[in-house]
Amino acid sequence: MSRHVLAATGVDGREVAREERPAAPSLTLVAAYGDLHACDYVTVSQGESVGLYARDPGGTWDAVSPGTDAVTTDEMRLWFELTHHYPGPGGADPNHPLGRAPQPGAVGRIDERRAVALVQEHIAAGGLDYPAQGLAADRFAAGWSVYAPVDVDDSDPLAFLDMPVGRSVFLVGDTGRIKEVTSAIPPGQADALFTAEEAFVRRTPAEEAFMNDLKAEFERLDARSGQPGAIADFTVVGPPPEDMTAARVTALTDEIVRQLALCGPQRWERMVAAFSCAVSAETADLCFWQHERPVEARVPEQIALLVRRQRHLAAAMPAGPWLRLMIAVTKGPDGQAQVSTQYDYGDERLPDGQLLAPRHYRNDLAAYPRAEVPAWLRAHAGANGRRTASPRTESPHTASPRTVSPHTAPPRSAPPRQEAPQSPFVDSPLGWTARVVADQKRITYDGDSLTWEEIEWVRYPVSRTKHQGFLFPSMYSNTYTFGVGRYADSPKSLETLNWNKGGKRAEAPEAWLALVEFAQRVLEPRLLAERLDLIRRGGSFTIGEMHVHRDGLSLRGVMEADWGSLTDVEVANGLVWIHERGRQQSVRVSLSSANAVLLPRIVAAMAG
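So, here's what we can say about the structure. (Residues numbered from 1 in each chain as written. Predicted model: local features only at pLDDT ≥ 70, side-chain atom pairs only at ≥ 80, totals over all residues. Heavy atoms only, no water.)

**Digging into the overall build of the chain**
So, step 1. Along its length, the chain carries 11 helices and 29 strands.
So, step 2. Across the 608 residues that make up the chain, the buried fraction comes to 46%.
So, step 3. Sequence separation of 24 or more characterises 54% of the internal contacts of the chain that already satisfy a separation of 6 or more. (Helix = DSSP H or I, 4+ residues; strand = E, 2+ residues; numbered from the N terminus. Buried < 20%, exposed > 50% of the residue type's maximum accessible area, 1.4 Å probe, protein only. Contact = heavy atoms within 4.5 Å.)

Now the structure itself:
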């Protein structure tokens, strides 16, 4: 039986130390080995199989890939480095494997005018509240940073107070991909991360890069020899053989499936994922089934990066890049999973909900030229950017509500350019003069506004008070609260929206009910998926005074419970009641706490 080889490695895969062991090491031993050698990555090899372990910025070690081939291990190491560590405190490092901008390739570098035009089109398509005229652009390694400049009166010492904080900046890659970031992030850091993302997706396969570097080194030595032509010929073999590329694509697909599996409830039986991609945008649909009930989930941006990388590698195959990737996984009674993977190359027109805007397909055809383009795709991508398909494509409901695009706020770029403005589903007076207004994109009150995509917590408690009468009958008052916000820089006016109604059997206000229904249907599934993803990757957060982490729930001085010891969670009387095996008194969390409404489903997902 082959032995297990531990190797502590750097981000580039170079070994710092290695040793052999007769048995498979535990996670604790792997973590200690990595800490001993001050490395963020450890591989455990047995024959041809290589498992990858990594340490996150918080110091927690976990398995990234339980076992694959050496080439895919390098892919996953760089992927983890990009999504967890890069760029580090010192900023971008040109010697880092992700520190060099990718070659422009067939697309070439876009010029400033084109970058600005793409952003203007993006603003118009998404209906963004952002000036489209007078935009400025600064070039960085992988593209352009496009923004609305702010004029400041240098003669006024207090003028800086009027400068907007956290305004959007649009990063435009040479492939046409647009990523919206906030100006609160230092420009150098945002540019470096965007460049690293492009470098990860479009970098040359390992063996091809090695041959190119080898050729460059021979040419350098040839020039130094003083005898040009001493090395008569050096031929770099073309792309890897088809079977090698296919094996790499298949192995990376397996890793994508493993990462997607972490996005669902703990004991799901079936999973279906569908990706519709072009070089500058993509949509993603993900659904799990648990006890025959569908549970929709959000695909995190870090997994979208893996999908982009897989598609770039698949583009080297004779069939070219796929337009849709469909993955289905079914767990058998023995715990084994059956995985089905299908590629759609566009022989038939794509479904409306997964059809991207024409400009994305034009970008894709420029990046990956095709000998044959289906007639429907040629028509859709042409006509100066207008849709040429049937009128039903123009419906404002075409885009899937689970769309994931390359932007910080994904769904804002999904609707077609000609989409009619959406009417608010809530427009209600609240207070003396202000109104609360909510549509499919944002909620606004008293001059403050948040898009649903940037909201990080929600709450909607109801409090009922009985005013005991003595000479007069008792009176009842009811307060219906709805609040949303971010954990930092959150508008205070949106954190507590109160509707008050009297009466023992008062009906809830229609505006409050509409907001709660929308939050439960659209907002909470995303928040739940994000929290579960954070927990399973070793992160933690608090709900009220309750600390939620990978091992369970903690309440200082009161409870320290692992997920398996939790027997029941119920909601009653404005509280979330948490029952632990062996504990007589239940622990409670107020529903007025941010995201307390998610606790029952978090416990259900983690404790099964």
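Picking up where we left off.
**Notes on the pattern of salt bridges**
So, step 1. Summed over all chains, the structure comprises 32 salt bridges.
So, step 2. E495 serves as the salt-bridge partner of K492, at 4.0 Å between the closest nitrogen and oxygen.
So, step 3. We classify K492 as exposed; its relative accessible area is 65%.
So, step 4. Between E517 and R521 there is a salt bridge, and its shortest N-O distance comes to 3.0 Å. Note that E517 and R521 are positioned in helix α10 (residues 510-536) at a spacing of four residues, about one turn of the helix. (Salt bridge = Lys/Arg side-chain N within 4 Å of Asp/Glu carboxyl O.)

**Some points on the packing of aromatic side chains**
So, step 1. Under the counting rule described, the total for this entry stands at nine aromatic pairs.
So, step 2. Taking 6.1 Å as the distance between ring centres and 90° as the angle between the ring planes, the aromatic pair formed by Y41 and F80 counts as edge-to-face. Of the two residues, Y41 sits in strand β3 (residues 41-46) while F80 sits in helix α2 (residues 70-84), which places them 39 residues apart along the sequence.
So, step 3. For Y41, a relative accessible area of 1% gives the class buried.
So, step 4. Since its relative accessible area comes to 8%, F80 is described here as buried.
So, step 5. Chaining the aromatic ring pairs together yields one cluster made of W322, Y343 and Y345.
So, step 6. Above the ring of W289, the side-chain terminus of R270 is found at 4.0 Å from the ring centroid. (Phe/Tyr/Trp six-rings, centres within 6.5 Å; stacked < 30°, edge-to-face > 60°. Lys NZ or Arg CZ within 6 Å of the ring centre and 35° of its normal.)

**Points about unusual backbone geometry**
So, step 1. Looking along the chain, the bond that leaves Y86 and enters P87 is cis, with omega of -15°.
So, step 2. Assignment of secondary structure puts P87 in the loop between α2 and α3 (112-126).
So, step 3. Positioned with a positive phi, D446 is a non-glycine residue whose angle comes to about 55°.
So, step 4. Here D446 lies in the loop between β17 (442-445) and β18 (448-451).
So, step 5. The exposed category is assigned to D446, whose relative accessible area is 53%.
So, step 6. Its identity as a non-glycine residue notwithstanding, N595 has a phi of 65°, on the positive side.
So, step 7. Here N595 is to be found in the loop between β29 (587-590) and α11 (599-607).

**Focus: the sheet that holds strand β25 (residues 552-555)**
Picture the strands of a sheet paired through backbone hydrogen bonds; they go either parallel or antiparallel.
So, step 1. Across the sheet, which stays open at both edges, the four strands sit in the order β23-β24-β25-β26 with antiparallel pairing between neighbours. For this open sheet the edge positions go to β23 (541-543) and β26 (559-562), each flanked by a neighbour on one side alone. Taking the axes of each pair of neighbouring strands and ignoring which way they run, one obtains an average angle of 20° across the sheet.
So, step 2. The sheet contact formed by β23 and strand β24 (residues 546-549) spans three bridges and is antiparallel. When the bridges of β24 are listed, F541 appears paired with V548. (Pairing = 2+ DSSP bridges. Axes fitted to C-alpha atoms, helices over the stretch in contact; angles between N-to-C directions.)

**Describing the side chain of H360**
So, step 1. Position of H360 among the secondary structure elements: in helix α8 (residues 358-367).
So, step 2. Residue H360 is classed as buried on the basis of its relative accessible area, which comes to 6%.
So, step 3. Each residue touching H360, except ones within four places of it in the same chain, is listed here: A278, S280 and A281.

**Focus on the pairing of strand β28 (residues 575-580)**
So, step 1. Pairing of strand β27 (residues 566-572) with β28 involves six bridges; the strand directions are antiparallel. Across the sheet, residue D568 finds its bridge partner in β28, namely H579.
So, step 2. In sequence, β27 turns back onto β28 through a hairpin of two residues, with N573 there showing a positive phi of about 55°.
So, step 3. Here β28 folds back onto β29, and the loop between the two strands holds six residues, one of which, G582, carries a positive phi near 90°.

**Brief notes about the nonpolar core**
So, step 1. With 54 residues, the main nonpolar core has I443, F482, W499, V548 and I602 as its most contacted residues.
So, step 2. In terms of residues, this core owes the most to one element, α10, which gives 11 residues.
So, step 3. Core analysis: the next-biggest nonpolar cluster, separate from the first, contains 41 residues, Y41, L252, A284 and L313 among them. (Core = buried A, V, L, I, M, F, W, Y, C linked by side-chain atoms within 4.5 Å.)

**Some words on α10**
So, step 1. Between its first and last C-alpha atoms α10 spans 37 Å; for 27 residues at 1.5 Å apiece the expected length is 39 Å, and the two agree.
So, step 2. At L523, α10 shows its maximal bend, which comes to roughly 45°, and the proline P525 appears one to four places after that position.
So, step 3. One or two steps after α10, the chain reaches G538, where phi turns positive at roughly 95°. (Expected span 1.5 Å × (residues − 1). Bend = angle between axes of the 7 residues up to and from the residue.)

**Topic: empty space enclosed by the protein**
So, step 1. For the structure shown, the criterion picks out three cavities of 30 Å³ or more.
So, step 2. Size it by volume and the second largest cavity reaches roughly 140 Å³.
So, step 3. What lines the second largest cavity is a set of 13 residues, and nearest its centre among them are V201, A278, V279, R308 and Y368.
So, step 4. Contributions of two or more residues to the lining of the second largest cavity are made by α4 (187-202), β10 (270-278) and α7 (301-314).
So, step 5. When its residues are assigned to classes, the lining of the second largest cavity shows five nonpolar, two polar and six charged. (1 Å grid on protein atoms, 1.4 Å probe; cavity = no way out; pocket = protein on both sides within 12 Å on 5 of 7 lines; lining within 4 Å. Points joined across faces, edges and corners; volume = space filled by probe spheres on them. Nonpolar A, V, L, I, M, F, W, Y, C, P; charged D, E, K, R; others polar.)

**Focus: the sheet that holds β28**
So, step 1. Read across the open sheet, the three strands follow the order β27-β28-β29; overall the sheet is antiparallel. Pairing within the sheet leaves two strands with one partner each, and these edge strands are β27 and β29. Taken over all neighbouring pairs, the strand axes of this sheet differ in orientation by 20° on average, direction set aside.
So, step 2. The sheet contacts of α11 involve β27, β28 and β29, and relative to β27 the element is tilted by about 160°.

**Quick word on α3**
An α-helical segment advances 3.6 residues per turn. Residues three or four places apart therefore align on the same side.
So, step 1. Taking 1.5 Å of rise per residue, the 15 residues of α3 would be expected to cover 21 Å, and the 21 Å separating its terminal C-alpha atoms lies within 8% of that figure.
So, step 2. Of all the residues in α3, the buried ones are A115, V116, L118, V119, E121, H122, I123, A125 and G126.
So, step 3. If you follow the buried residues of α3, they end up packed against β6 (136-140), β7 (143-147), β8 (168-173), β9 (178-182) and α8.
So, step 4. Where α3 ends, the next residue or the one after it, G127, has phi of about 60°, a positive value.

**As for the pairing of β6**
So, step 1. Here β6 pairs with β7 via five bridges, running antiparallel. Each bridged residue has a counterpart across the sheet, and for F140 the counterpart in β7 is G143.
So, step 2. Between β6 and β7, which follow one another and run antiparallel, lie two residues.

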